[in-house]
Amino acid sequence: MKNKWWKNAVIYQIYPKSFKDSNNDGIGDINGIRSKLPYLKELGIDAIWISPIYKSPQIDNGYDISDYYSIDPMFGSIDEMKHLIKEAHNLNIKIIMDFVANHTSEEAFWFRESCKSKDNYYSDFYIWKDPKDNGEAPNNWGSNFGGSAWEWNEQRQQYYLHYYAKEQPDLNWENPNVREEIYKMMTFWHELGIDGWRMDVITSISKNLKFPDNENPLTTENQQNGPRMHEFIHEINQKVLKPLNMMSVGEAPAAKSSDAFLLVDPKREELDMIFTFEHMHIDREKNNINGRWAIKKPDIVQLKQIMSSWQNNLSQKGWNALYFENHDRARVISRWGNDKKYRYECATAFATILHGMQGTPYIYQGEEIGMTNPEYSLDEYKDIELKGNYEHYVQERKSISKSNFLDAVHKVSRDNARTPMQWSEDKFSGFSDTEPWFKINPNYKQINVEADRRSDKSIFYYYKSLIDIRHNNNILRDGSFKLLLPEHPFIFAYKRYYHGETWYIVANLSENKQDFNNILPSKYVKLIHNYKSEIDIKTLKPYESFIIKESN
Ligand code: NOJ
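Summary of the structure given here. Note that the coordinates shown come from a computational prediction; the quantities given were computed from them, not determined experimentally. (Residues numbered from 1 in each chain as written. Predicted model: local features only at pLDDT ≥ 70, side-chain atom pairs only at ≥ 80, totals over all residues. Heavy atoms only, no water.)

**Quick look at the overall build of the protein**
Definition in use: The helix count covers DSSP runs of H or I at least four residues long, the strand count covers runs of E at least two residues long, and both are numbered beginning at the N terminus. Radius of gyration: over C-alpha atoms. The globule rule applied is 2.2 Å multiplied by the number of residues raised to the 0.38 power. Using a 1.4 Å probe on the protein chains alone, a residue whose accessible area is under 20% of its type maximum counts as buried, one over 50% counts as exposed, and one in between counts as partly exposed. We call two residues in contact whenever any of their non-hydrogen atoms come within 4.5 Å of each other. Accessible surface area values rest on a Shrake-Rupley calculation with a 1.4 Å probe, where residue burial reflects the displayed protein chains alone. In this tally Asp and Glu are treated as negative and Lys and Arg as positive; neither His nor the chain ends contributes. To locate a charge, the coordinates of NZ of Lys, CZ of Arg, CG of Asp or CD of Glu are taken.
Along the backbone of the protein there are 15 helices and 20 strands. Over its C-alpha atoms the protein spans a radius of gyration of 23 Å, differing by no more than 12% from the 24 Å that the globule rule assigns to 552 residues. Each of the three principal axes of the protein carries a C-alpha extent, and together these read 75 × 50 × 50 Å. Looking at the protein residue by residue over its 552 residues, the buried ones come to 61%. For the protein, contacts bridging at least 24 residues in sequence account for 69% of all contacts bridging at least 6. Surface summary for the protein: the accessible area is close to 21500 Å², and the carbon and sulfur share equals 46%. Side-chain charges in the protein split into 70 positive and 78 negative, and the spacing between the mean points of these groups amounts to 5 Å.

Structure below.
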């Protein structure tokens, strides 16, 4: 397999609304990103993925696009975007944009036209169905934000399908004109200079056109991985990704490690890598009526099993995208770890585990300084998913109490990762000079970029070292993987080996001391360690972690 740039890369995700505000309207923007390029360069990352900045009514923070060809004025302009691309490229940083083409905003021109009649050019750009004889929605499919996935449209006298908010109608990929429009849009951004795409819910673009009810209404079994999914993705590859040499990472909620290669096997020419959801469900009750709000203690044994099965199953047949955080996930140290007493140790332990694996690691803004979940009251949150789910589960179904829902929100809601970036201890955390669109985590006086980089326990500099190690050692890119101590409830340890060299990557994911069998070599070179003391090869301190290389 030829080495592509993204195999050596570490990618940094920016959620633009909350990254850096340059014009003091309380909302992050493109010029804010530009001003922080030197910061990102210092961290050592190779590319940035920017969540949507296109024109949008912002029902779902930009994942509802009304015009694929323009930048939303709140973020800046096309000219500013061109400057950003140029300045990033001058620093050898590539730009990845979000490709949101399972759905558009209801305000998109295509949708407005589609509503008008059943026989214009745009009529079949979306998925329209007649009601059942009794007037009800065509089937029992549910929206990810709560309630039915069907919405009645008065103007057209039909239901349309929306997997997310009713303001986000799903596009009809069966229509070749839709696909051509999307390829045209992708080409436009390529011409502007972008290098790749993160593809939002790409496994949903093909629907089951028989529209059967989901047998288990708690699942979305018929709503993703539709019969033409691979065909459509292969076509995107052939028409755009391959000829224009653009990198792709697909969001694949339902992919399993056993079938993921169908999406990422280079021979099949579909995607370069995918984001799996499997490992992010280790703290969720299975098949619970309350969905993602039915939380439980994280199962570290399961985490190890899942992550190693992705390592093993894709090792010869594809490539992994490695992540714990993004704009839809809570802060991992607050969710699965200890974000108080062991904040530094815990953040660096999770980082070590992730960055030692094969694949492309993604760092989500703020993860590199150990930002934490805020614990706000319900009315302080903004996310449409949270609000929709509150109505659905707490108010309508009454299947979860308000206080249990709030506990789950504090652990796993998407807004946990969306608070403004904490740059300094200045007013408004150095993010803006005015009150931001979303409340800043009150801990910004202690947790911020400046304080972190001054500290002798700097998470930022630990990440920087991890990135350097990855850039300088092919073993992390190409080496084989073997999980050690698979049954141990707290120690996550594995080895990587390549051309006679063996590395051990070890972390104690608990706040107690852990003793373990002698799995480590007595002679080694230490590459990175999150404690100042010597390594003890038989005992790990709370959240202790390191990478060592066996020596003779
Ligand atoms: C996945 C995105 O990451 C999420 O933020 C968004 O709400 C949905 N897809 C819908 O676009």
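Once the structure has been displayed, the description carries forward.
**A few points about the packing of aromatic side chains**
Just so we agree on the cut-off: Any two rings among Phe, Tyr and Trp, with Trp reduced to its six-membered ring, count as a pair given centres within 6.5 Å; such a pair is stacked if its planes are under 30 degrees apart, edge-to-face if over 60, and tilted if neither. Either the NZ atom of lysine or the CZ atom of arginine qualifies as a charge over a ring when it sits within 6 Å of the ring centre and within 35 degrees of the ring normal.
Taken as a whole and judged by the stated rule, the model has 42 aromatic pairs. Ring plane angle 70° and centroid distance 4.8 Å describe the contact between F275 and Y362, whose orientation is recorded as edge-to-face. A residue pair is termed long-range when its members are at least 10 positions apart, and F275 in strand β11 (residues 273-275) and Y362 in strand β13 (residues 360-364) qualify at 87 residues. Each member of the pair, F275 as well as Y362, carries the same accessibility label: buried. Ring pairs connect the aromatic residues Y54, Y68, Y69, F109, W110, Y121, Y122, F125, F188 and W189, which therefore count as one cluster. The side chain of K36 reaches across the aromatic face of W423, ending 4.0 Å from its centre.

**Details of the site of the ligand**
Selection rule: Here, proximity means that at least one heavy atom of the residue falls within 4 Å of the molecule or strand. In protein, a polar contact requires one atom able to donate a hydrogen and another able to accept it; more generally it is a pair of N or O atoms within 3.5 Å, and residues adjacent in sequence count only if both atoms are side-chain atoms. Gly counts as polar in this scheme, as do all residues outside two lists: the nonpolar Ala, Val, Leu, Ile, Met, Phe, Trp, Tyr, Cys and Pro, and the charged Asp, Glu, Lys and Arg.
Around the ligand, a shell composed of 13 residues is seen, among which D60, D200, H327, D328 and R414 lie nearest. Between D60 and the ligand, the recorded distance is 2.5 Å, taken from a side-chain N or O atom to an oxygen atom. H327 has a polar side-chain atom sitting 2.7 Å from an oxygen atom of the ligand. Compared with its free state, where it exposes 290 Å², the ligand has 98% of that area covered by protein. Looking at side-chain class alone, the shell around the ligand contains four nonpolar, two polar and seven charged residues.

**Overview of the sheet that holds strand β7 (residues 150-153)**
Inclusion rule: Between any two strands, at least two bridges found by DSSP are needed for them to pair.
With antiparallel pairing, three strands are arranged side by side in an open sheet as β6-β8-β7. Edge positions in the sheet fall to β6 (128-129) and β7, since each of these pairs with one other strand and no more. As paired elements, β7 and strand β8 (residues 158-161) share four bridges and run antiparallel to each other. The residue bridging E151 from the neighbouring strand is Y160, located in β8.

**As for helix α10 (residues 343-355)**
Just so we agree on the cut-off: Here, expected helix span is obtained from the residue count minus one, scaled by 1.5 Å.
Its 13 residues place the ends of α10 18 Å apart at the C-alpha level, agreeing with the 18 Å of an ideal helix rising 1.5 Å per residue. With 13 of its 13 residues buried, α10 lies for the most part within the structure.

**Considerations on the packing of α10 against helix α14 (residues 459-472)**
Helix packing for two helices is described by the angle between their axes and how far apart those axes are. The condition that has to hold: Axis definition: a line fitted to C-alpha atoms, over the contacting stretch in the case of helices. Angles run 0 to 180 degrees between N-to-C directions. Our angle categories are set so that under 35 degrees counts as roughly parallel, over 145 as roughly antiparallel, 65 to 115 as roughly perpendicular, and the remainder as oblique. Whether a crossing is left-handed or right-handed is set by the direction in which the near helix is turned from the far one by less than a right angle, anticlockwise for left-handed and clockwise for right-handed.
Running from N to C, α10 and α14 cross one another at 15°; their axes reach a closest spacing of 10 Å. As far as their axial angle goes, α14 and α10 are roughly parallel. Crossing angle aside, the handedness with which α10 passes α14 is right-handed. Across the interface between the two elements, R343, Y344, A347, T348, A351, T352 and H355 from α10 touch I459, Y462, Y463, L466 and R470 from α14. Looking at the contact of α10 with α14 residue by residue, the class counts come to seven nonpolar, three polar and two charged.

**Thoughts on the pattern of salt bridges**
Definition in use: Throughout this description, the term salt bridge denotes a Lys or Arg side-chain nitrogen within 4 Å of a carboxyl oxygen of Asp or Glu.
Taken as a whole, this structure holds 29 salt bridges when the rule is applied. Residues participating in the shared-partner salt-bridge network are D60, R292, D328, D383, E385, R414 and R418.

**So, a negative patch on the surface**
Applied cut-off: Residues forming no salt bridge and having over 30% relative accessible area are the ones grouped into patches, like charges within 9 Å of each other and nonpolar side chains (Val, Leu, Ile, Met, Phe, Trp, Tyr) within 5 Å.
On the surface, E425, D426, D433 and E450 cluster together into a negatively charged patch. Along the chain, D426 turns up in the loop between α12 (402-412) and α13 (449-454). D426 sits in the partly exposed class, given a relative accessible area of 46%.

**Concerning the packing of helix α3 (residues 78-90) against helix α5 (residues 176-192)**
For the pair α3 and α5, the least separation of the axes is 10 Å and the interaxial angle reads 60°. It follows from the interaxial angle that α3 and α5 lie oblique. Within the contact between the two elements, α3 uses I78, M81, K82 and I85 and α5 uses F188, W189 and L192. Each residue belonging to the contact of α3 with α5 can be placed in one class, and the counts come to six nonpolar, no polar and one charged.

**Re the environment of S545**
Here S545 shows up in strand β20 (residues 545-550). For the pair formed by S545 and Y183, sequence separation is 362 residues and the distance between their alpha carbons is 45 Å. The residues touching S545, leaving out its near neighbours within four places in the chain, are T348, A349, T352, Y462, V506, A507, I528, H529 and N530. Among the polar contacts listed, one links the side chain of S545 to the side chain of T352, at a separation of 3.0 Å.

**Some remarks on the sheet that holds strand β1 (residues 11-14)**
Within the open sheet, the eight strands sit side by side as β11-β10-β9-β5-β2-β1-β13-β12. Their pairing is parallel. A single partner strand is all that each edge strand has here, and the edge strands are β11 and β12 (321-322). With three bridges joining them, strand β10 (residues 247-251) and β11 adopt parallel strand pairing. Paired with V249 across the two strands is M273, which belongs to β11.

**Re the nonpolar core**
In plain terms, the rule: Put simply, a nonpolar core is a bunch of buried Ala, Val, Leu, Ile, Met, Phe, Trp, Tyr and Cys residues held in one set by side-chain atoms that sit within 4.5 Å of each other.
With 149 residues, the main nonpolar core has Y12, I48, M81, F99, I182, M186 and W197 as its most contacted residues. It is α10 that contributes the most residues to this core, eight residues altogether.

**Concerning helix α8 (residues 300-314)**
Taking 1.5 Å of rise per residue, 15 residues should cover 21 Å, and α8 covers 21 Å from first to last C-alpha, within 8% of that figure. Within α8, burial applies to I300, V301, L303, K304, I306, M307, S308, W310, Q311 and L314. The inward-facing, buried residues of α8 contact α7 (261-264), β11, β12, α10, β14 (480-484) and β15 (491-498). Sitting at the amino-terminal end of α8 is D299, which places a side-chain oxygen 3.1 Å from the backbone nitrogen of V301.

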